[in-house]
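Chain residues, written in single-letter form:
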Amino acid sequence: MTQQTSKIPISSIILDEDIYPRKGIDHKRVAIFSENIRDGFRFDPIEVEPCPDRPGWYRLLDGAHRWSAFKSTGVEEVEAIIKDLDGNDPLLYAAKKAIGPRQLTEDESRDTARRAYSGNASLSSVDIGKAIGRARRTVDSYIADLRAVNQMGLDIKIFRMNRLGIPQDRIAERLGLARTSFQYHLPKMATLPDSANGDLASGFTVAQVAQKHGWADPMVWSLALEGKNDHDRFKELGWGFCTWDNLKVTRKWEWNDCDKQFGDDWPGRIPAQLIAHILRYFTKPDDLVLDPMAGGGVTPDACLALGRRCWAFDMMDRPETRPEIEPFTWDISSDQGLLWPVSAKEKPDLVIFDPPYFDKKADSYDKKSISGLSRKAYLEFLEAFFILLKLNVKKKTRLAFINADWRDFQNTSAAEEKYKGGILIDDYIDILKRTGWYHTHIIQAPISSQRFNAGVVCAMQKKNILGVISRYVIILGTYH
Ligand SMILES: C[S@@+](CC[C@H](N)C(=O)[O-])C[C@H]1O[C@@H](n2cnc3c(N)ncnc32)[C@H](O)[C@@H]1O
């Protein structure tokens, strides 16, 4: 079958070493090709694919020597087949093409196999072998050590997701495992924490054990605190417990800094201590918590530390570092309208909902984030979301809705702020009531003011700007 070719500028094509299977260009071969071109010899078209992160550029899949020869003879445009690999591994595709005219050397095969497997651990030795022209066993020997490390990583991911109460079918799907290979990992779960537990019992700290075993701190906390009650867990974590919603005489729900062991450095990250207080007051051990926009993962991390189960979702997909946050985009404009992410029968005991506070941080989130919506569309989204939520919870489920007044104060003195542009906390409460959610608590949990530097504060004072650091945790239920 002849494939369609296009003429593309040679200057828009690059040799991307990440997907080039050979150790380097053979300059003798390039010199022969250049001579052939000058003699009027016609070559087969080269093959390229669009560069994933450089619009308008192409990277070579096949024909590095022909491309080099064209460049050296001053040709400006070259005949090329622009491929859509449709998810196939570009390095392996390039390798398969490369071995047509000349086998890869032993070094090149080994290196290509290892790079391909490191980039995509679900590739089988057979698939890699077919692309590089080597037997499955040879490939097995090339990647044995990588596979061992990866298996360990996989077991830890399964352990973590299992501990958070994510159903097995969703774990298998998330990790790209067939049911049979998933069953093979399960028996290992019982003994996986033995070594870390042994170190904890010998007096090593959580941080030391986490470092030694390459586990995240919250996982080790979940082992270290197993069997303890909430009060003792708070004590060991060094999180003072707030007895009041907000009083000057005692601790407030206010933390100047996030506990950096929990959650990632994420735009709009909230302190784990805040989530832990919600969990302690409004759930019991082993309850199921749902976080529909989990961001940097502070809710699942706090749930690990306090022995709660957690289903977390976010539009940002980070399978390697946050397998427990399942990718899901809440999209009101889709054909079917807003959908619920899971078909599980079990319903959450608590929902912790910390959405983007209107367009604050819109630049930091994905283009499809609800922070990119107009004020009207943002409020409509919330209304549709709360209706859907009510349909998917139990009678006794609580909702902890975290948000702040949104006022356009950035460059405007307080007296000039317009009523119409803002979204205040009572606007949210109106929507919540309209959708059948009734609040029992409005807890003040201010954002730290320490993030404003002296220069910013001085400029605000000169212009009579009244900033916003108030943030609220509104606790609601669907009962009357
Ligand atoms: C305020 S952040 C959550 C921060 C989180 N509580 C933490 O402490 O790390 C809001 C999150 O909502 C997510 N988000 C925004 N619009 C979304 C949508 N339509 N569907 C799914 N996630 C969305 C963003 O990716 C972002 O991670």
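Cut-off values and rules
- The numbers attached to residues start from 1 for each chain and follow its sequence in the written order.
- Residue-level local features of this predicted model are given only where pLDDT is at least 70; pairs of side-chain atoms are given and counted only at 80 or more, and the full residue set underlies all totals for whole chains, interfaces and linings.
- With hydrogens and water excluded, all non-hydrogen atoms of the structure serve as input to the side-chain values.
- Using only the protein atoms, space was sampled on a 1 Å grid; points where a 1.4 Å probe fits but cannot get out form cavities, open sets with protein on both sides within 12 Å along at least five of seven lines form pockets, and lining residues are those with an atom within 4 Å of a point.
- Grid points are joined across faces, edges and corners, and a volume is the space filled by probe spheres set on the points.
- Under the convention adopted here, Pro, Cys and the residues Ala, Val, Leu, Ile, Met, Phe, Trp and Tyr are nonpolar, Asp, Glu, Lys and Arg are charged, and Gly plus all remaining residues are polar.
- Domains are outlined according to an automatic or database domain assignment.
- Whether a residue is near a molecule or strand depends on its heavy atoms: if one lies within 4 Å, it is near.
- Two N or O atoms form a polar contact when they lie within 3.5 Å of each other; inside protein one atom must be a possible hydrogen donor and the other a possible acceptor, and for residues adjacent in sequence the pair counts only when both atoms belong to side chains.
- Accessible surface area values rest on a Shrake-Rupley calculation with a 1.4 Å probe, where residue burial reflects the displayed protein chains alone.
- Placement in a cavity or pocket follows one criterion, namely that more than half of the molecule's atoms lie within 2 Å of its grid points.
- Lines fitted to C-alpha atoms define the axes, with helix axes restricted to the stretch in contact, and inter-axis angles between N-to-C directions lie between 0 and 180 degrees.
- The way it works is that DSSP assigns letters per residue, a run of H or I at least four long becomes a helix, a run of E at least two long becomes a strand, and they are numbered from the N terminus.
- Every angle not falling under 35 degrees, over 145, or within 65 to 115 is termed oblique; those three ranges are roughly parallel, roughly antiparallel and roughly perpendicular.
- Left-handed describes a crossing whose near helix is turned anticlockwise from the far helix through less than a right angle; right-handed describes the clockwise counterpart.
- Every residue pair with non-hydrogen atoms within 4.5 Å of one another is taken to be in contact.
- A pair of aromatic rings is counted whenever rings of Phe, Tyr or Trp (Trp by its six-membered ring) have centres within 6.5 Å, and the orientation is called stacked for planes under 30 degrees apart, edge-to-face for over 60 and tilted otherwise.
- For the exposure calls, accessible area comes from a 1.4 Å probe over protein chains only, and a residue counts as buried if that area is under 20% of its type's maximum, exposed if over 50%, partly exposed in between.
- In this scheme, Lys NZ or Arg CZ marks a charge over a ring once it lies within 6 Å of the ring centre and within 35 degrees of the ring normal.
- When a carboxyl oxygen of Asp or Glu lies within 4 Å of a side-chain nitrogen of Lys or Arg, that pair is called a salt bridge.
- When DSSP locates at least two bridges between a pair of strands, those strands are taken to pair.

(A) Expanded view of the layout of surface pockets. Counted as a void, the largest pocket has a volume near 920 Å³. Lining the largest pocket are 43 residues, with Trp-266, Pro-267, Gly-268, Arg-269 and Ile-270 positioned closest to its centre. Of the residues belonging to the lining of the largest pocket, the class tally is 19 nonpolar, 11 polar and 13 charged. When its volume is computed, the second largest pocket comes out at roughly 680 Å³.

(B) Looking closely at the domain arrangement of the chain. Segmentation of the chain into domains returns domain 1 (6-143), domain 2 (147-190) and domain 3 (225-477). The C-alpha-based centres of domain 1 and domain 2 are spaced at 35 Å.

(C) Spatial organisation of the site of the ligand. Taken together, 21 residues form the shell around the ligand, and within it Ile-270, Gly-296, Asp-314, Trp-330 and Asp-354 come nearest. At a separation of 2.8 Å, an oxygen atom of the ligand approaches a polar backbone atom of Gly-296. With respect to the ligand, the backbone of Trp-330 contributes an N or O atom lying 2.9 Å from a nitrogen atom. When the ligand is considered free in solution it has 600 Å² of accessible area, and contact with the protein chains removes 99% of it. In this structure the site holding the ligand corresponds to the largest pocket. Class assignment of the residues belonging to the shell around the ligand gives a composition of 13 nonpolar, 5 polar and 3 charged.

(D) Examining the packing of helix H13 (residues 272-282) against helix H14 (residues 298-306) more closely. Two elements in contact, H13 and H14, have axes separated by 9 Å at closest approach and are oriented at 60 degrees. Classified by the interaxial angle, the pair formed by H13 and H14 is oblique. As for how H13 packs across H14, the hand of that crossing is right-handed. For the pair H13 and H14, contact is made by Ala-272, Ile-275, Ala-276 and Leu-279 and by Val-298, Thr-299, Ala-302, Cys-303 and Leu-306, respectively.

(E) A look at the packing of aromatic side chains. In this structure the tally under the stated criterion is 22 aromatic pairs. Arranged with centres 5.9 Å apart and planes meeting at 85 degrees, the rings of Phe-234 and Trp-239 form a pair that is edge-to-face. As far as burial versus exposure is concerned, Phe-234 and Trp-239 are alike and both buried. For the pair Phe-358 and Tyr-378, a centre-to-centre distance of 5.3 Å together with 50 degrees between the ring planes defines the contact as tilted. With Phe-358 in the loop between strand S9 (350-353) and helix H15 (375-391) and Tyr-378 in helix H15, this pair connects stretches of sequence that are 20 residues apart. Across the pair, Tyr-378 and Phe-358 agree in class, each one buried. The positively charged end of Arg-54 is found above the aromatic ring belonging to Trp-57, 4.0 Å away from the centroid. Looking at Arg-280, its charged tip hangs above the ring of Phe-241, at a distance of 3.4 Å from the centre.

(F) Representation of the environment of Asp-89 in the model. Counting through the fold element by element, Asp-89 comes out in the loop between strand S5 (77-82) and helix H3 (90-98). In this structure Asp-89 touches Ala-116, Asn-120 and Leu-123, once residues within four positions along its chain are discounted. Reaching out from Asp-89, the side chain makes a polar contact with the backbone nitrogen of Leu-91 at a distance of 3.0 Å. Within the structure, the side chain of Asp-89 is placed 3.0 Å from the backbone nitrogen of Leu-92, a separation counted as a polar contact.

(G) Quick look at the pattern of salt bridges. Applying the stated criterion across every chain, the model contains 31 salt bridges. A salt bridge links Asp-230 to Arg-308; the nearest nitrogen and oxygen atoms lie 2.7 Å apart. With Asp-230 in helix H12 (residues 230-237) and Arg-308 in the loop between H14 and strand S7 (309-314), this pair connects stretches of sequence that are 78 residues apart. Of the two residues, Asp-230 and Arg-308, both sit in the buried class. Between Arg-322 and Asp-301 there is a salt bridge; the shortest N-O distance is 2.9 Å. Remark: Asp-301 occurs in helix H14 and Arg-322 occurs in the loop between S7 and strand S8 (325-327); sequence separation between them is 21 residues. Per residue, the accessibility class of Arg-322 equals that of Asp-301, and both read buried. Residues joined by salt bridges that share partners form a network here, namely Arg-160, Asp-264, Asp-301, Arg-318, Arg-322 and Glu-324.

(H) Spatial organisation of the pairing of strand S3 (residues 46-50). Among the 5 residues in S3, 4 count as buried, and that is most of the element. Relative to S5, S3 runs parallel, the two being bridged by 3 bridges. Its bridge partner being in S5, Glu-47 is matched across the sheet by Ile-81. Taken together, the 4 bridges between S3 and strand S4 (residues 58-62) define a ladder with antiparallel strand orientation.

(I) Structural detail: helix H2 (residues 64-72). With 7 of 9 residues buried, H2 lies mostly within the body of the structure. Three or more residues of H2 are buried, namely Ala-64, His-65, Arg-66, Trp-67, Ser-68, Ala-69 and Phe-70. Against the buried residues of H2 lie strand S2 (13-14), helix H1 (27-38), S3, S4 and S5. The first or second residue beyond H2 is Gly-74, which carries a positive phi of 80 degrees.

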